[in-house]
Amino acid sequence: MADRGADEPSSRTESPDGESRVSEDRWSVHQRLAIRELIDTEISYLHMLRLCALDIRSRLKQLPQGDLDVLFSNIDDIIKVNSRFLQDLQGTDAMEERQVQLIGNLFLEFQEELERVYKIYCANYDQALLLVESYRREPELQREIQAIIEAVVPQAGPSGLSFLLVIPLQRITKYPLLLQKILENTLPDASAYSVLQRATSALQDVNTNINEYKRRKEVASKYNKVEHLTLRERLARINTHTLSKKTTRLSQLLKQEAGLVLRTEDKEFDDLEERFHWVSLCVTELKNNVAAYLDNLEAFLRFRPQQYDLDMPAGPVGQYCNLARDLQLQAFPEFKQRLEDLVWQPLCSLAKALAGPQNLIKKRLDKLLDFERLEEKLLEEGSVTYEEEAARHTYQALNSLLVAELPQFNQLAMRWLGQILGTFMALQRDLAKQVLQRAESSAAQLPHHHLSEPAFRKLVEDALGQTSQQLHSFQENFEKELTLPTVQPLLPGAERQVQALLTKYGPGKLYQVTSNTSGSRTLDLSLPRGQIVALLQNKDTKGNSSRWLVDTGGHRGYVPAGKLEPYQIVPREEKLRGQAGPGEASRHPTPEPSPGLVAAVPTGTQMVAMYPFVARNSHEVSLQAGQPVAVLEPQNKGNPEWSLVEVDGRRGYVPASFLARAPSPAPWGWSLPS
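Computed from a prediction, not measured in an experiment: that's the story for all the values here. (Residues numbered from 1 in each chain as written. Predicted model: local features only at pLDDT ≥ 70, side-chain atom pairs only at ≥ 80, totals over all residues. Heavy atoms only, no water.)

Draft legend 1. Main features of the pattern of salt bridges. The final tally for this structure, using the stated rule, is 25 salt bridges. A salt bridge links E37 to K181, with the nearest nitrogen and oxygen atoms 3.0 Å apart. Residue E37 is located in helix α1 (residues 2-59), and its partner K181 is located in helix α8 (residues 167-184); the two are separated by 144 residues in the primary sequence. The structure contains a network of salt bridges with shared partners spanning R36, D40 and D93. (Salt bridge = Lys/Arg side-chain N within 4 Å of Asp/Glu carboxyl O. Helix = DSSP H or I, 4+ residues; strand = E, 2+ residues; numbered from the N terminus.)

Draft legend 2. A look at the sheet that holds strand β6 (residues 606-609). Across the sheet, which stays open at both edges, the 5 strands sit in the order β9-β8-β7-β6-β10 with antiparallel pairing between neighbours. Since the sheet does not close on itself, it has two edges, and those belong to β9 (650-655) and β10 (659-661), each with one partner. Going from strand to strand, the sheet's axes swing by 50 degrees on average, the running direction of each strand aside. Bridge count between β6 and strand β7 (residues 628-633): 3 bridges; the pairing is antiparallel. What sits directly across from M607, in β7, is V629. (Pairing = 2+ DSSP bridges. Axes fitted to C-alpha atoms, helices over the stretch in contact; angles between N-to-C directions.)

Draft legend 3. Expanded view of the packing of aromatic side chains. Applying the stated criterion across every chain yields a total of 12 aromatic pairs. Relative to F107, the ring of F85 lies with its centre 4.9 Å away and its plane at 65 degrees, an arrangement referred to as edge-to-face. In this pair, F85 sits in helix α3 (residues 75-91) while F107 sits in helix α4 (residues 99-109), placing the two residues 22 residues apart along the sequence. In this structure, F85 and F107 share a single accessibility class: buried. Ring centres 5.4 Å apart and planes at 75 degrees place the aromatic pair F85 and F110 in the edge-to-face group. Taken as a pair, F85 in helix α3 and F110 in the loop between α4 and α5 (111-136) lie far apart in primary sequence, 25 residues in all. The residues F85 and F110 share a single accessibility class, namely buried. Here the aromatic residues F85, F107, F110 and Y175 are joined through ring pairs into a cluster of three or more. It is R57 that lies over the ring of F72; its NZ or CZ is 5.9 Å from the centre. Positioned above the aromatic ring of Y213 is the side chain of K119, whose terminal nitrogen or guanidinium carbon lies 4.8 Å from the ring centre. (Phe/Tyr/Trp six-rings, centres within 6.5 Å; stacked < 30°, edge-to-face > 60°. Buried < 20%, exposed > 50% of the residue type's maximum accessible area, 1.4 Å probe, protein only. Lys NZ or Arg CZ within 6 Å of the ring centre and 35° of its normal.)

Draft legend 4. Quick peek at helix α16 (residues 495-505). Buried within α16 are the following residues: E495, V498, L501 and L502. Within α16, the buried residues cover an arc of 130 degrees as seen down the axis, which keeps them to one side. Pointing more than 90 degrees away from the buried face of α16 are the exposed residues R496, T503 and K504. Positive backbone phi, at 90 degrees, marks G506, one or two positions downstream of α16. (Arc of directions from axis to C-beta.)

Draft legend 5. Helix α6 (residues 139-152), seen in detail. Over its 14 residues, α6 extends 20 Å from the first C-alpha to the last, a length consistent with the 20 Å expected when each residue adds 1.5 Å. Among the residues of α6, those classed as buried are L141, I145, Q146, I148, I149 and V152. Down the axis of α6, the buried set is contained in an arc of 160 degrees. They therefore lie on one face. Set apart from the buried face of α6 by more than 90 degrees, the exposed residues are P139, R143 and A151. (Expected span 1.5 Å × (residues − 1).)

Draft legend 6. Focus on the sheet that holds strand β1 (residues 510-513). If you trace the 5 strands from one edge of the open sheet to the other, you get β4-β3-β2-β1-β5, paired in antiparallel fashion. Every interior strand has two partners, whereas the edge strands, β4 (556-560) and β5 (564-566), have only one. The mean angle between the axes of side-by-side strands here comes to 50 degrees, regardless of whether they run parallel or antiparallel. By the bridge criterion, 3 bridges tie β1 to strand β2 (residues 532-537) in an arrangement that is antiparallel.

Draft legend 7. Representation of the pairing of β2 in the model. Here β2 pairs with strand β3 (residues 547-551) via 3 bridges, running antiparallel. Looking across to β3, one finds that A534 is bridged to D551.

Draft legend 8. Region of interest: a nonpolar patch on the surface. On the surface, L250, L253 and L254 cluster together into a nonpolar patch covering about 270 Å² of accessible area. The topology assignment puts L250 in helix α11 (residues 240-258). (Patch = residues over 30% accessible without salt bridge, like charges linked within 9 Å, V, L, I, M, F, W, Y side chains within 5 Å. Areas by Shrake-Rupley, 256 points an atom, 1.4 Å probe, with all protein chains shown as cover.)

Draft legend 9. Local environment of the pairing of β7. Bridge count for β7 against strand β8 (residues 642-647) is 3 bridges, and the pairing is antiparallel. Residue A630 lies in a different strand from β8, and its bridge partner there is E646.

Draft legend 10. Main features of the side chain of N185. Examined against the element boundaries, N185 turns out to sit in the loop between α8 and α9 (193-223). For N185, the residues in contact, after removing those within four places along its chain, are W27, H30 and Q31. (Contact = heavy atoms within 4.5 Å.)

Draft legend 11. Representation of the nonpolar core. Formed by 63 residues in total, the largest nonpolar core has its most connected members in L71 and F107. Here this core gets 12 residues from one element, more than from any other, and that element is α1. Apart from the residues lying within four places of it in its own chain, the contact partners of L71 are L63, Y121, A128, L131, V132, Y135, L161 and L165. Counting residues in hydrophobic clusters, the runner-up holds 39 residues, among them L339, L347, L360 and L427. (Core = buried A, V, L, I, M, F, W, Y, C linked by side-chain atoms within 4.5 Å.)

Draft legend 12. Region of interest: the confidence of the model for the protein. Model confidence for the protein is summarised by a mean pLDDT of 80, while 81% of its residues fall at 70 or above. Considering only residues more than four positions removed or in separate chains, one finds that residues 482-487, a stretch of pLDDT under 50, has 17 contacts. Counted against residues more than four places away or in other chains, residues 665-670, with its pLDDT under 50, gives 5 contacts. (pLDDT = per-residue confidence, 0-100.)

Listed below in structure tokens is the structure:
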């Protein structure tokens, strides 16, 4: 009995320590179970991600690549981050005493990376669900997708793609719960307790930031759409609400311009916006230049001189034609196609990508005006309505999103633009290299291939200079032949009339009609071009100086002053000729031909028309200045100042004084000296 009584107090005194040890063991067991749950579920999660990325995505060949990119988003980046995370997480098993603290530190270390990859996936999740919903409206396609998923992941069940796509969202939201469970089974006085607390709070912040990023993306997607509306559609959208909003914004803007209210300054955003507009300007200018380049290239490809008979001897010319034909049919079209595929299309895509941010920046300005007005109201009244608070949050979301993503967008756009320019230069180099390779064999057959580039350049310059001197000499001889007559040759049968007017009024009063006139008023005359008249008065009875009174030698009346010019008397015309004109009994006095111009011209000689001439009857033929003609009869038998010529297959008479003998040219074209 004594022994029992002695033992009882001792057992009672040892009882609290035993209970403490049991309690600690219980906490330790639950803690290890929570850690085991974290590691095991991470292994299963990563395995499921790899099934999605490798097996399922590769088997969904019936879906376009664009759909696959939306469905699986940046799942590859998530796999990379979680693979490293799992590897470090499993490494904590070897250090059991410090495992809890190491796990807390590990989550803190991966906090930024987890937020970076998961916020992109979560922001694209709703768009992926819209695609899944569209597949369900196509039974055949839905059955094929479901069969693939059930073959790889049987536990997905009828949910199919939806079951797989939601897994990353469930995992990122479960991390704080798993950490909280470990924290609940960690003694408050343990050294790892504070680390676990910070890790749990950090993962909660990650989820909060992801939700905020997703909300900003939703706001941005609402205003990011570029709509091409007709005027009728725009007018249909106008209502009392929109008019009120726009009027309020305009009022706020006018107050700022007048200095009545302060403008919100945001130096960071202003710098980003300026940079973005500079990038946009560069893209627009390059797009316009490339478009012009492609238009010129298209025009160049339509011009094919090798298909025409150049009337030049064979040899180097034939080699050139063969080379040009080869380049025209293969090298240049290939270059044009590559230019469109590798430069023009990416440039158009880049310009299209700029439209969204441009629209967001414009919407931000509208929302900023709303925000500033609401801030004033908040200061004055102390509260705003629910809708007004939502408007404030909309501006804040837009501004935060632009400030966060515009730097990355500007950087990517500049890199994209640089790659396009680099590709353009590479295509130019490839074209030059290809042309030189194709021309190498032809160039070796040319007579001057042995010359160096400077020597060949000098040879070409000398040949061009010599040809230029020949052309200049021809021009001087051409201009010396005869000055341009100021009047057309006289009409047939007009010699006696001119002589009568000249005798009656003198040479200073004679004028020639420059174009046909049709009288429309009383006393107006209708006269043909070339008619000679004498001026009686340089105004009409009302003092109008635009109507002149003239005498035709038979009638008197008014003609427009603008259709008269002084008639230059040629000395030989002062004598009345009695010769008949070509092919008829009329007389054709013409300007004095230059000495030696028509004399001794053999039949069939090629000559050049120095001045334009308009045929007035079926016996004459019209000429254009510089037009080559074949002389059939140098001097008409009835009138030596008219020549019978052939022009473009038409025969007729022209004034001999209008023709010039072309200097005997060297063989057509020019050739380099051998």
